[in-house]
Amino acid sequence: MPEMDKAQLIELLEFPRKRILQSMELNACPHAGFFNTSDEQCLNCHQGMECTWMNHNDELVAVEQKSAKEIKQQLLIAVDFIDSNLTPHHLSRRNCECDNCSWLRKTQQLLAIDYTD
């Protein structure tokens, strides 16, 4: 994969970072959103996926050191997260121009994901 494509993949991580952070409730989190695999509270927390994803992909992680395959895998998780949080009026995503749907289309196109409405 050319370096330009990897740079595009890394750039695509920015949008889900913002959305995932916005969705997280960190006020009662004893680890400030850093998933701890040995803490019972983390293991039973409803935000486990979000914390784990952020711990692997936030701005403090050197994502440029990851392989393109690893970044694609993280983007697939982000696609699922963004898609699952859309409201019913997004059913026809080809016609929707909101930030979520626009990011989904761009990411799915780059990852060559064939989703139909």
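Up top is the structure these notes are about.
What comes next is a walk through the structure.

Calculation criteria
Residues numbered from 1 in each chain as written. Predicted model: local features only at pLDDT ≥ 70, side-chain atom pairs only at ≥ 80, totals over all residues. Heavy atoms only, no water. Phe/Tyr/Trp six-rings, centres within 6.5 Å; stacked < 30°, edge-to-face > 60°. Helix = DSSP H or I, 4+ residues; strand = E, 2+ residues; numbered from the N terminus. Buried < 20%, exposed > 50% of the residue type's maximum accessible area, 1.4 Å probe, protein only. Axes fitted to C-alpha atoms, helices over the stretch in contact; angles between N-to-C directions. Left-handed = near helix turned anticlockwise from the far one by under 90°. Contact = heavy atoms within 4.5 Å. Parallel < 35°, antiparallel > 145°, perpendicular 65-115°, else oblique. Nonpolar A, V, L, I, M, F, W, Y, C, P; charged D, E, K, R; others polar. Polar contact = N/O pair within 3.5 Å; in protein donor to acceptor, adjacent residues only side chain to side chain. Salt bridge = Lys/Arg side-chain N within 4 Å of Asp/Glu carboxyl O.

We now examine the packing of aromatic side chains. Under the defined criterion, the tally for this structure stands at 1 aromatic pair. With a centroid separation of 5.7 Å and an interplanar angle of 25 degrees, the aromatic rings of F15 and W103 are classed as stacked. Here F15, found in helix α2 (residues 14-23), pairs with W103, found in helix α6 (residues 99-110); they are 88 residues apart in sequence, far enough to count as distant. Since its relative accessible area comes to 7%, W103 is described here as buried.

This part covers the packing of α2 against helix α4 (residues 48-57). Viewed as axis vectors pointing N to C, α2 and α4 meet at an angle of 140 degrees, and their least axial separation amounts to 10 Å. Both α2 and α4 take part in a crossing whose hand is left-handed. Along its contact with α2, which presents P16, R17, I20, L21 and S23, the element α4 presents E50, W53, M54 and N57.

Helix α5 (residues 68-84) packs onto α2 with a crossing angle of 50 degrees between their chain directions and a minimal axis gap of 10 Å. When the interaxial angle is binned, α2 and α5 end up oblique. In terms of crossing hand, the pair formed by α2 and α5 is left-handed. Contact residues: α2 offers F15, P16, R19, I20 and S23, while α5 offers A78, F81 and I82. Across the contact of α2 with α5, the residue classes tally to 6 nonpolar, 1 polar and 1 charged.

As for its position among the elements, K6 is in helix α1 (residues 3-12). A polar contact of 2.9 Å, which involves the side chain of K6, links it to the backbone oxygen of E64. A polar side-chain atom of K6 sits 2.6 Å from the main-chain carbonyl oxygen of K66.

A separate point is the pattern of salt bridges. This model, assessed by the stated rule, comprises 3 salt bridges. The closest approach of N and O atoms between E14 and R17, which form a salt bridge, is 3.1 Å. In this pair, E14 and R17 are both assigned in helix α2, 3 residues apart and thus about one turn of the helix distant. A relative accessible area of 7% places R17 in the buried class. R19 serves as the salt-bridge partner of D99, at 4.0 Å between the closest nitrogen and oxygen. Of this pair, D99 sits in helix α6 while R19 sits in helix α2, placing them 80 residues apart in sequence.

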